[in-house]
Amino acid sequence: MTGRIVHPGETPWSMTERVCVTTLRPDAGLWTPLWWWLCLGMALALLAGGVVSVAWLFYAGLGIWGIDWPVAWGFDILNYVWWIAIASGGTFISALFFLLRAPWRTSLNRLAESLTLCAALCAAIFPILHLGRPQFFYWLFPYPNTMGLWAQFRSPLVWDFFAILAYVLCSVLFWYFGLLPDLATLRERAQRRWQRVFYGVLALGFRGSARQWRHYQPVYGVMAALMAPLVVSVHSIVGMDFAGGAATGWHSTQFPPFFVFGAGLSGFAIVLLAVIPLRPALGLQPYITDWHIDVLGRLLLTASLCVAYAYVMDVFSTFYGPDQADRTMFAFRLHGLYAPVYWGTIMLNIVFPQLLWWRGVRMKQPVVWAICLGVLVGMWLERFQIIVSSLARTQLQSAWGQYTPTLWEWSLLAGTIGLFLTAFLLLVRFIPMLAMAEMRAVLEDRP
Amino acid sequence: MAALFTPRANVIMTASVLAIACAVTSGCLLWFAWPYTDYARQVGWTIEQPVPFSHQHHVAGLGIDCRFCHSSVERSAQASMPPTFTCMTCHSQIWTDAAVLAGIRDSFLRNTPMTWQRVTDVPDYVYFNHGIHVTKGVGCESCHGNVATMALTYKAKSLTMQFCLDCHRDPGSSLRPAENIFDTDWHRVPSTPGPAALLARYHVGGRNLTECSICHR
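Being a predicted model, the structure only gives us computed values, none of them experimental.

What counts as what
Numbers given to residues run from 1 along each chain, matching the order in which its sequence is written. Labels follow written order: the first chain is A, the first ligand is 1, and so on. Selection of residues for local features in this predicted model requires a pLDDT of at least 70, selection of side-chain atom pairs for listing and counting requires 80 or more, and totals for whole chains, interfaces and linings are taken over all residues. Secondary structure elements are defined from DSSP: runs of H or I of at least 4 residues count as helices, runs of E of at least 2 residues count as strands, and each element is numbered from the N terminus. We compute the radius of gyration from the C-alpha atoms alone; for a globule the expected value is 2.2 Å times N to the 0.38, where N is the number of residues. Here a residue counts as buried when 20 or more other C-beta atoms fall within 10 Å of its C-beta, as exposed when 12 or fewer do, and as partly exposed in between; the C-beta atoms come from the backbone. Throughout, a pair of residues is in contact if the C-beta atoms placed from their backbones lie within 7 Å. Note on definitions: angles span 0 to 180 degrees between N-to-C directions of axes, and those axes are lines fitted to C-alpha atoms, for helices only across the stretch in contact. Reported orientations rely on four angle classes, namely roughly parallel under 35 degrees, roughly antiparallel over 145, roughly perpendicular from 65 to 115, and oblique for the rest. Throughout, a crossing is termed right-handed when the near helix is turned clockwise from the far one, and left-handed when it is turned anticlockwise from it by less than a right angle. Think of it as three bins: nonpolar holds Ala, Val, Leu, Ile, Met, Phe, Trp, Tyr, Cys and Pro, charged holds Asp, Glu, Lys and Arg, and polar takes everything else, Gly as well. Each nonpolar core reported here comprises buried Ala, Val, Leu, Ile, Met, Phe, Trp, Tyr and Cys residues connected via C-beta atoms within 7 Å.

Re the overall build of chain B
Part 1: Within chain B, the secondary structure is distributed over 11 helices and 0 strands.
Part 2: Listed N to C, the secondary structure of chain B is α-α-α-α-α-α-α-α-α-α-α in terms of helices and strands.
Part 3: Computed over its C-alpha atoms, the radius of gyration of chain B comes to 25 Å, more than 25% above the 17 Å expected for a compact globule of 217 residues.
Part 4: Here chain B holds 217 residues, and the buried ones make up 14% of them.
Part 5: Considering only residue pairs separated by 6 or more positions, chain B has 73% of its internal contacts joining residues 24 or more positions apart.

Considerations on the packing of helix α4 (residues 75–99) of chain A against helix α15 (residues 407–430) of chain A
Residues and elements named next belong to chain A.
Part 1: Running from N to C, α4 and α15 point in directions that differ by 20°, and their axes come no closer than 10 Å. Judged on the interaxial angle alone, α15 and α4 are roughly parallel. The interaxial crossing formed by α4 with α15 has right-handed handedness. Together, F75, N79 and W83 of α4 and E409, L412, L413 and T416 of α15 make up the contact between the two elements.
Part 2: Grouping the constituent residues of the contact of α4 with α15 by class yields 4 nonpolar, 2 polar and 1 charged.

Some thoughts on the packing of helix α9 (residues 255–281) of chain A against helix α14 (residues 365–392) of chain A
Residues and elements named next belong to chain A.
Part 1: It is the contact of α9 with α14, at a shortest axis distance of 9 Å, that shows an interaxial angle of 140°. The crossing of α9 and α14 is left-handed. Residue-level contacts link G262, L265, S266, A269, I270, L272, L273 and I276 of α9 to Q365, V368, W369, C372, L373, V375, L376, M379 and E382 of α14.
Part 2: For the contact of α9 with α14, a count of residues per class yields 13 nonpolar, 3 polar and 1 charged.

Things to note about the nonpolar core
Part 1: Of all hydrophobic cores here, the largest spans 132 residues; its most connected members are I84(A), A119(A), V271(A), L272(A) and L300(A).
Part 2: When residues in this core are grouped by element, the largest group, 16 residues, is from α4(A).
Part 3: Once residues lying within four places of it in the same chain are set aside, the contact partners of I84(A) are A120(A), A123(A), V234(A) and V238(A).
Part 4: The next biggest cluster of nonpolar side chains, apart from the first, holds 9 residues, and it includes A79(B), V134(B), V138(B) and C140(B).

Have a look at this one:
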């Protein structure tokens, strides 16, 4: 088992050395590599566009977006759901597979959790921006006020607020808590004073004493046990945001598990998408082996099959059910204005990932990478199809309409991609992308 | 290699974390509590008027009814401010050359209305209708306070949404008999009909008074 998850000949010492050199760059010859600067430059350019878009939004208001009656939810909710689903990958891998004691998860969890944080950050922006008066977002929170108003606890939108808040807070804590021993390692190994102080303050006085470890491990286990149900609840509630509405195509009891499946699919896709290029770039091949890619590919395939089941049930419940408006809307999905979106979703999320049944395909990393990129686009199209085509074909023909996103919505989407990449690149540069403390245990267990 | 942090670092770290926590908590508490203060709501503030009109003198001293000046209060959304002619009904005969009334005489001679400043205001997105409140048993005093004691008129109640909802959620206990609507210092007495009887008398309760569209249209 361990032969597949770590290259032979690796020791705790060589692994720590490798990771610390990548992060601390103690030697003047080891500058931050060029690819990092190029990616950061691109990310910052996208981010700058997003900042302009948000500034103009705050100045001019929601009218700059293409949303209108009847399609009142557009890119704002679409991108929120897309990003929060992308965030799930880290939690599935680091919490769920920690509880399942899957040994391969150890070398992936830091990277996957960092992706979670960055994606959750992007997701959290959209619900706030989509408010007409974003400065009042805290009205969702039940706090005493002179308006005599209290949050509407019967609304999934309020559950959503709590679910996201809990998920983001716990993700940050889980990530940081897991990072503490590694920050202490960096503090000990850093040569430059600013690095020692930087990592020293962040390590919060972790010294690796037996007493600290005795507290550390149960707490980490409890946090993992909290995170695993949270990732399910957060996506279920995102599903209920839709299922709670009486719009055609939304009002379905399968939405909560459907959204959890979709989250799994995009979560595993983003992890693969990041792991495949970062493995050689950070020199992590000895610890993230081809076998890891293989496992992730199989997980992606499983998630794709779950999503396929949900798509089939979506068709089944529409045509088995009694509602003519649902059927009209579905026919519009299949061959209406947005038909390419529907068929694109099917191709990218269901058909192409079936290639992963073949081990030969799973071993060809460029192909896996392309499939993952396709899945992320496909998941985005799926959200477009759910949100826009349902709202565009409501029960009353007189209330039919369509939606065309404006430049400001596209630039905001690009801006959040920039934000995601910027945040992730900074983490890649300054935080060890391999959980060293946990990897040592894996390496020491080796016979 | 010298130690990176002195022993005091732990104390400084703990103290700063606690200080930040305290600052955030007390900041939030202040932020939440601020709208409740009379200062934030400007309760008790007098507003400068073109002529210093005394409700105390005209209501308590002379016994003039509210409706003598605010004539449309029973029929209209607006209680209405009196035209200068109403003032001149008396002040063409008494205090005809009082310096303090120069503004009134000026307005009368130029045929331009007085620019009275509103004391009790609600935001423009609130559709408050005086007529329905006054004819359904809400006394002037309930929102305007005891104006008979005000030498200069000031805002007496907070007029927050909470203030409106306190009554809209439980209207009965705030209603009074029709003959007491314009009393400026009325108290429930044993012979006053109970809340349920008043609700029935005024036919209040057919509609949920806390619906958004009752006040926001």
